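Residue-level listing of the chains:
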Amino acid sequence: MNGTPRAGTDGRRDRDAEGRARNARPRDGLGRPLPYGTDGVERQPEGVVRSPAETVVEAQALLAAGKPFHAHEVFEDAWKSGPADERALWRGLAQLAVGLTHAARGNTTGGARLLRRGADATEQWAAESGQDSPYGMDLAELADWARRLAGVAERDGTAVDAVAWAPRLRGSEPG
């Protein structure tokens with residue numbers, strides 16, 4: 001399509017409760033749209049303000065469940081609602097999650113790019129802030145995971161298993 005918003009089953013554009021355009025099609029676990037009327041995965045609510053610790057816990061649960069697209073939405077909420085000096089951290093983490101999403105969908109080139117961009121962003125934030133392990137996350141370990149996965153995705157050229165490659169945001173060796 002040429003950028004035209006997709007319409008619901010009645011031909012009108014989908015809207016949320018506030019009247020903003022929002023596609024209401026059900027989604028699968030990787031955030032891909034499914035046909036109207038299909039049972040999908042419950043969507044992650046947008047605009048939720050969480051503490052950093054709550055963000056990490058919720059994102060980790062979604063990653064472990066093979067829902068990196070949904071984890072990206074949680075990180076995006078933190079990026080948009082958190083303190084200005086942490087926005088680059090949360091944006092980088094969102095890029096890591098959406099990179100895993102693309103790699104799991106089979107978009108290995110785009111996934112690898114996003115994984116590397118997120119790795120670079122989180123490392124840069126750590127260097128500039130002087131914080132290597134904010135909220136218990138080892139950013140160097142996450143960057144290593146992302147670059148390793150990017151290499152695998154590019155080398156194999158096939159979709160990766162989102163559960164098998166889910167990083168551990170806190171703790172030992174992810175992936």
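Refer to the structure above for everything that follows.
Just so you know, these numbers come straight off a predicted model, no measurement behind them.

Caption draft 1: Representation of helix α1 (residues 52-64). Across its 13 residues, α1 extends 18 Å between first and last C-alpha, which sits within 8% of the 18 Å expected from 1.5 Å per residue. Within the sequence span of α1, burial applies to Thr55, Val56, Ala59, Gln60, Leu62 and Leu63. Down the axis, α1 shows its buried residues gathered within 165° of arc, on one side only. Against α2 (68-81) and α3 (87-105) lie the buried residues of α1.

Caption draft 2: Representation of the packing of α3 against helix α5 (residues 139-156). For the pair α3 and α5, interaxial distance at closest approach is 11 Å and the crossing angle is 25°. Relative to α5, the element α3 lies roughly parallel. Remark: the crossing between α3 and α5 carries left-handed chirality. Taken together, the residues of α5 that come into contact with α3 (itself represented by Leu89, Leu93, Leu96, Leu100 and Ala103) are Leu139, Leu142, Trp145, Ala146, Leu149 and Ala153. Classifying every residue of the contact of α3 with α5 by side-chain character gives eleven nonpolar, no polar and no charged.

Caption draft 3: Here's a closer look at empty space enclosed by the protein. Tallied over the full model, the rule gives one cavity of 30 Å³ or more. Estimated volume of the largest cavity: approximately 60 Å³. Around the largest cavity sit Leu63, Phe75, Leu93, Leu96, Ala97, Leu100, Leu142, Trp145, Pro167 and Leu169, which together line it. Among the secondary structure elements, those contributing two or more residues to the lining of the largest cavity are α3 and α5. Sorting elements by how many residues they give to the lining of the largest cavity places α3 first, with four residues. Residues of the lining of the largest cavity, tallied by class, amount to ten nonpolar, no polar and no charged.

Caption draft 4: Representation of unusual backbone geometry. With phi around 55°, Tyr135 is a residue other than glycine that occupies positive phi space. By the element assignment, Tyr135 lies in the loop between α4 (108-129) and α5.

What counts and how
- Residues numbered from 1 in each chain as written.
- Predicted model: local features only at pLDDT ≥ 70, side-chain atom pairs only at ≥ 80, totals over all residues.
- Heavy atoms only, no water.
- Helix = DSSP H or I, 4+ residues; strand = E, 2+ residues; numbered from the N terminus.
- Expected span 1.5 Å × (residues − 1).
- Buried < 20%, exposed > 50% of the residue type's maximum accessible area, 1.4 Å probe, protein only.
- Arc of directions from axis to C-beta.
- Contact = heavy atoms within 4.5 Å.
- Axes fitted to C-alpha atoms, helices over the stretch in contact; angles between N-to-C directions.
- Parallel < 35°, antiparallel > 145°, perpendicular 65-115°, else oblique.
- Left-handed = near helix turned anticlockwise from the far one by under 90°.
- Nonpolar A, V, L, I, M, F, W, Y, C, P; charged D, E, K, R; others polar.
- 1 Å grid on protein atoms, 1.4 Å probe; cavity = no way out; pocket = protein on both sides within 12 Å on 5 of 7 lines; lining within 4 Å.
- Points joined across faces, edges and corners; volume = space filled by probe spheres on them.

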